[in-house]
Amino acid sequence: MQGQMLFVFFVNLDKQDKLPAIVERLSREMPLELVRFPMPSSDELVLTLADFMMDRGFSFSRESIDYLKTIMPSFMSIKHFDGFQTLENLADEIIYSYCSKEEVSCPYIAKADLLFIEQPNGYLERIGNSQMRTTNHRRIGFDARRDKQ
């Protein structure tokens, strides 16, 4: 591949009708191949969220997993859903909420610990009404990531 370059453009569009104009403009400048990456299924996203939680030392009950599978399509339909970054922020939010309880006995998240997500002013409503992308949503002074030694 001497003297050749490969450029990769990642375009995350809210409105797919803009894509043809972008492709047309870029293809005037260089050969272009459009590659689409489908959004993971809601089940795959729930498993990813569970992995993020395990990385932080927490796990979900079976009932929690089932509950998350029912609400994940609501997350995916939000305009500001930012894929894996939204899930990372949700993991931090779940842990913050869990650790803020009066009694914390183990790093095992039950369905009852997740119900705040759908409550009025809960996480789902906040990111749905937010004018900012979820990547900007951080709790000041709280980071659930644990140092691994």
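Preceding block: the structure.
Residues numbered from 1 in each chain as written. Predicted model: local features only at pLDDT ≥ 70, side-chain atom pairs only at ≥ 80, totals over all residues. Heavy atoms only, no water.

### Quick look at the overall build of the protein chain
From N to C terminus, the protein chain includes five helices and two strands. Mapped in sequence order, the helices and strands of the protein chain form the string α-α-β-α-α-β-α. Of the contacts formed within the protein chain by residues at least 6 apart in sequence, a portion of 69% connects residues at least 24 apart. Accessible surface for the protein chain amounts to roughly 10500 Å². Of this, 52% is attributable to carbon and sulfur atoms. (Helix = DSSP H or I, 4+ residues; strand = E, 2+ residues; numbered from the N terminus. Contact = heavy atoms within 4.5 Å. Areas by Shrake-Rupley, 256 points an atom, 1.4 Å probe, with all protein chains shown as cover.)

### Description of the nonpolar core
Membership of the largest hydrophobic core comes to 29 residues, with the highest contact counts inside it found for Phe-60, Phe-75, Ile-94 and Ile-117. Among the secondary structure elements, those contributing two or more residues to this core are helix 2 (42–55), helix 3 (62–76), helix 4 (84–99) and helix 5 (123–129). With near-sequence residues (within four places) excluded, Phe-75 lies in contact with Phe-81, Thr-86, Leu-90, Ile-117, Tyr-123, Leu-124 and Ile-127. (Core = buried A, V, L, I, M, F, W, Y, C linked by side-chain atoms within 4.5 Å. Buried < 20%, exposed > 50% of the residue type's maximum accessible area, 1.4 Å probe, protein only.)

### A closer look at the packing of aromatic side chains
Here a ring pair, both rings aromatic, is described through the centre-centre distance and the interplanar angle of the planes. Taken as a whole and judged by the stated rule, the model has one aromatic pair. Measuring from centroid to centroid gives 6.0 Å for Phe-58 and Tyr-98, while their planes differ by 85°, and the two rings are edge-to-face. With Phe-58 in the loop between helix 2 and strand 1 (59–60) and Tyr-98 in helix 4, this pair connects stretches of sequence that are 40 residues apart. No difference in accessibility class separates Phe-58 from Tyr-98, as the two residues are buried. (Phe/Tyr/Trp six-rings, centres within 6.5 Å; stacked < 30°, edge-to-face > 60°.)

### Thoughts on the packing of helix 2 against helix 4
Packing of helix 2 against helix 4 leaves a shortest axis separation of 9 Å and a crossing angle of 50°. Taken as axis vectors, helix 2 and helix 4 run oblique relative to one another. Viewed along their axes, helix 2 and helix 4 form a crossing whose handedness is right-handed. Residue-level contacts link Leu-45, Thr-48, Leu-49, Phe-52 and Met-53 of helix 2 to Phe-84, Leu-87, Glu-88, Leu-90, Ala-91, Ile-94 and Ile-95 of helix 4. Residues belonging to the contact of helix 2 with helix 4 are distributed by class as follows: ten nonpolar, one polar and one charged. (Axes fitted to C-alpha atoms, helices over the stretch in contact; angles between N-to-C directions. Parallel < 35°, antiparallel > 145°, perpendicular 65-115°, else oblique. Left-handed = near helix turned anticlockwise from the far one by under 90°. Nonpolar A, V, L, I, M, F, W, Y, C, P; charged D, E, K, R; others polar.)

### A few points about the pattern of salt bridges
Overall, the coordinates contain five salt bridges when judged by the stated rule. Residue Glu-24 pairs with Arg-28 through a salt bridge whose shortest N-O separation is 2.7 Å. We note a salt bridge from Arg-56 to Glu-88, for which the minimum N-O separation is 2.7 Å. A residue pair is termed long-range when its members are at least 10 positions apart, and Arg-56 in the loop between helix 2 and strand 1 and Glu-88 in helix 4 qualify at 32 residues. Using a relative accessible area of 3% as the deciding quantity, one classes Arg-56 as buried. Each member of the salt-bridge network shares a partner with another, and the members are Arg-56, Glu-88 and Asp-92. (Salt bridge = Lys/Arg side-chain N within 4 Å of Asp/Glu carboxyl O.)

### What about a nonpolar patch on the surface?
Where nonpolar side chains cluster on the molecular surface, the patch consists of Met-5, Phe-7, Phe-9 and Val-11 and spans about 450 Å² of accessible area. Turning to its location among the elements, Val-11 is positioned in the segment before helix 1 (19–27). (Patch = residues over 30% accessible without salt bridge, like charges linked within 9 Å, V, L, I, M, F, W, Y side chains within 5 Å.)

### Observations regarding the packing of helix 2 against helix 3
At a minimum axis separation of 9 Å, helix 2 and helix 3 run at an interaxial angle of 115°. When the axes of helix 2 and helix 3 are compared, the pair comes out roughly perpendicular. In terms of crossing hand, the pair formed by helix 2 and helix 3 is right-handed. Side by side, helix 2 and helix 3 meet where Ser-42, Asp-43, Leu-45, Val-46, Leu-49 and Ala-50 of the first sit next to Ile-65, Leu-68, Lys-69, Met-72, Pro-73 and Met-76 of the second. The residue inventory of the contact of helix 2 with helix 3, partitioned by class, reads nine nonpolar, one polar and two charged.

Fair warning: the whole summary comes from geometry, so function is off the table for now.
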